[in-house]
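Understanding the architecture of this molecule
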Amino acid sequence: MTVIFDLLPGETETVTYGDDQNVFLNGIILFTINLGDLYNKVQFITELESELDNLLNTNDQITISEFETDYVFTGTNTFLYISK
């Protein structure tokens, strides 16, 4: 299943992905045009518990930040789960 969305600079958007059979995010593709330059970044998970797998599947929020000539993905969790 592929989910496509547009995100403007500084914009935040909630994007739902997956289904009952596959709840995991297996990769991410970034395509942008900035100041006349085309930029494309493709990352797919090839191994469970890899750095990318942990980033995409243990966080509920992914942030895309411009860093010099690259874009960096970081993850955070907005909900804390407390077990009793």
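Residues numbered from 1 in each chain as written. Predicted model: local features only at pLDDT ≥ 70, side-chain atom pairs only at ≥ 80, totals over all residues. Heavy atoms only, no water.

**Considerations on the packing of aromatic side chains**
Counted by the stated rule, this structure contains one aromatic pair. When the centroid spacing of 4.9 Å and the interplanar angle of 55 degrees are considered together, the rings of Tyr39 and Tyr71 count as tilted. Placement of Tyr39 in strand β2 (residues 37-44) and of Tyr71 in strand β4 (residues 70-76) is noted, with a sequence separation of 32 residues between them. The two residues Tyr39 and Tyr71 agree in class, both being buried. (Phe/Tyr/Trp six-rings, centres within 6.5 Å; stacked < 30°, edge-to-face > 60°. Helix = DSSP H or I, 4+ residues; strand = E, 2+ residues; numbered from the N terminus. Buried < 20%, exposed > 50% of the residue type's maximum accessible area, 1.4 Å probe, protein only.)

**A look at the side chain of Thr32**
Take Thr32: it is sitting in strand β1 (residues 27-34). When residues no more than four places from it in sequence are discounted, the contact partners of Thr32 are Asp37, Leu38, Tyr39 and Tyr71. (Contact = heavy atoms within 4.5 Å.)

**A closer look at the nonpolar core**
Judged by nonpolar contacts, Leu25, Ile28, Leu30, Tyr39, Ile45, Leu52, Leu55, Leu56, Tyr71 and Phe73 together constitute the single largest core of ten residues. The set of elements that each furnish at least two residues to this core consists of β1, α1 (51-57) and β4. Ranked by residues supplied to this core, first place goes to α1 with three residues. Those residues in contact with Ile45 that lie beyond four places of it in its chain are Leu25, Asn26, Ser50, Leu52, Asp53, Leu56 and Asn57. (Core = buried A, V, L, I, M, F, W, Y, C linked by side-chain atoms within 4.5 Å.)

**With respect to unusual backbone geometry**
Phi at Leu35 is positive, roughly 55 degrees, even though this residue is not glycine. Note that Leu35 resides in the loop between β1 and β2.

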